[in-house]
Amino acid sequence: MKPILYIVIPCYNEEKALPVTAPMFLEKLDMLIRDGRISEKSRIMFVDDGSKDDTWNIISGLSGQDEHYIGIRQSRNRGHQNAVLAGLMEAKELCDITISIDCDGQDDINAMDKMVDEYLGGCEIVYGVRNNRDTDTFFKRFSAESYYRFLRALGVEAVFNHADYRLVSSRVLKEFADFKEVNIFLRGLFPLVGFKSTSVYYERHERLAGESHYPLVKMLALAFEGITSLSVKPIHLITGLGCFIALLSFVGVIWSVSVSLLGKAVAGWSSMTCIICFIGGIQLICLGILGEYIGKIYLEVKHRPRYIISERTYEDEDKRRDTV
Ligand code: UDP
Ligand code: MG
């Protein structure tokens, strides 16, 4: 039996990019079907992440034109990771394999052939990995690579230079559904599910149309999310730092008592100020990091739904619950 593939594509305000890239995805899907790699029942599933422009109308229009296009709509914007999650959770009941990919045409769709082949060869997860970062600015390349290294150092098993272009089987997704956390960083979570996995290398291009939704601030927020939702090492680090500074302070106390006993104490205003500022700064940073984790716990215990699907372009036959 040929596997049913669902290509899951998050879209947020993509009215410019969708008309350009949707036919490319369809052509790829047709090719995979014609090659006999996947079933005729395979689909392209757009996930509208609460767009404010014409994106949903475009998706509805596409689904009327060709049965291979389908779409779901989130009740509001919840961010890229949640949009991908919504699509994957919806698709896992309907197909055998999913491939998640951005809708802007940056990721090379031709890597899908190899991904499907790897699946047919027995892999349950296939990571799409960029083979170079030539299209990035020096700053983006440097910061991204340092970030992956940092994640590794913190014990997070993120695949180097892999973003959210990946094939995941529905078998893995059914297990993944039990990862109930609200703070999600998908690329770091899938390695935790296990199963046989591999990587496929591809070249990443410039965005074909529209604009990026990840300015520096949002990118930093995602990077921070990755660290704090997958690793508690920063807390261990600040404990270590605290011990180190306590030790230094102890030495400092002995030194200052000895100096004053020897009668050599001088009014050291600037040294005192420096020490106070330094320790105060470090304490605030440590408190901030602890606060971030407490904030995460707060969000987790509320256990709000991670996505809510408000509309579908197809009949929801089995009337599954919309929220997870
Ligand atoms: N996206 C989304 N919700 C958001 C922001 C972005 O679904 O709140 C989608 C967007 O439509 C695109 C993908 O996530 O398909 C990646 O976004 P983008 O291309 O803007 O990021 P970049 O490639 O510049 O990092
Ligand atoms: Mg992009």
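Values in this document were obtained by computation on a predicted structure and should not be read as measured data.

A. Up close: the nonpolar core. If you look at the biggest cluster of nonpolar residues, it comprises 36 residues, and the most contacted ones within it are Ile9, Ile44, Phe46 and Met112. Those elements that provide at least two residues to this core are β1 (5-11), α1 (18-34), β2 (43-48), α2 (55-65), β4 (97-100), α4 (111-120), β6 (162-169) and β7 (197-202). Take this core: its biggest share by element is seven residues, from α1. When sequence neighbours within four positions are dropped, the list of residues in contact with Ile44 reads Ile7, Ile9, Phe25, Leu26, Leu29, His68, Tyr69 and Ile70.

B. Geometry of the coordination of the magnesium ion (ligand 2). Each protein donor to the magnesium ion (ligand 2) is listed here as Asp104 (OD) and Gln106 (OE1); together their distances run 1.9 to 2.0 Å. Taken individually, Asp104 and Gln106 each receive the classification buried, so the pair is uniform in this respect.

C. Spatial organisation of the sheet that holds strand β8 (residues 309-312). Spatially, the eight strands line up as an open sheet ordered β7-β5-β6-β4-β1-β2-β3-β8, and their pairing is mixed. If you trace the sheet from one side to the other, it starts and ends with β7 and β8, each paired once. Neighbour-to-neighbour, the strand axes of the sheet open up by a mean angle of 25°, direction not taken into account. The pairing of strand β3 (residues 69-74) with β8 spans three bridges and is classified as antiparallel. In the sheet register, Arg73 faces β8, and the bridge partner there is Glu311. On the sheet, α2 packs against β1, β2, β3 and β8 and is oriented at approximately 150° with respect to β3. Sitting on the sheet, helix α7 (residues 186-193) is in contact with β5 (125-130) and β6, with an inclination near 40° to β6.

D. Representation of the packing of α1 against α2. For the pair α1 and α2, the least separation of the axes is 11 Å and the interaxial angle reads 30°. The orientation of α1 relative to α2 falls into the category roughly parallel. For α1 against α2, the interelement crossing comes out right-handed. Contact residues: α1 offers Leu18, Pro19 and Ala22, while α2 offers Thr55, Ile58, Ile59 and Leu62. Residues of the contact of α1 with α2, tallied by class, amount to six nonpolar, one polar and no charged.

E. Representation of the state of the cysteines. Considering all chains together, one arrives at zero disulfides under this definition. Its sulfur unpaired, Cys11 is 4.1 Å from the next cysteine sulfur, which belongs to Cys103. Left unpaired, Cys243 is separated from the closest cysteine sulfur, that of Cys286, by 11 Å. For Cys243, a relative accessible area of 52% gives the class exposed.

F. Expanded view of the pattern of salt bridges. Scanning the entire structure with this criterion turns up 14 salt bridges. Where Asp117 meets Arg37, a salt bridge forms, and the shortest distance between an N and an O atom there is 2.8 Å. Residue Asp117 is found in helix α4, and its partner Arg37 is found in the loop between α1 and β2; the two are separated by 80 residues along the sequence. Asp164 is the salt-bridge partner of Arg166, the closest N and O atoms lying 2.5 Å from each other. Each member of the pair, Arg166 as well as Asp164, is classed as buried. Through salt bridges with shared partners, a single ionic network connects Lys28, Asp35, Arg37, Asp113 and Asp117.

Conventions used here
Residues numbered from 1 in each chain as written. Chains lettered and ligands numbered in written order. Predicted model: local features only at pLDDT ≥ 70, side-chain atom pairs only at ≥ 80, totals over all residues. Heavy atoms only, no water. Core = buried A, V, L, I, M, F, W, Y, C linked by side-chain atoms within 4.5 Å. Buried < 20%, exposed > 50% of the residue type's maximum accessible area, 1.4 Å probe, protein only. Helix = DSSP H or I, 4+ residues; strand = E, 2+ residues; numbered from the N terminus. Contact = heavy atoms within 4.5 Å. Donors = N, O, S within 2.8 Å, 3.2 Å for Na, K, Ca; no water. Pairing = 2+ DSSP bridges. Axes fitted to C-alpha atoms, helices over the stretch in contact; angles between N-to-C directions. Parallel < 35°, antiparallel > 145°, perpendicular 65-115°, else oblique. Left-handed = near helix turned anticlockwise from the far one by under 90°. Nonpolar A, V, L, I, M, F, W, Y, C, P; charged D, E, K, R; others polar. Disulfide = S-S within 2.5 Å. Salt bridge = Lys/Arg side-chain N within 4 Å of Asp/Glu carboxyl O.

By themselves, these are just geometric observations and shouldn't be taken as functional.
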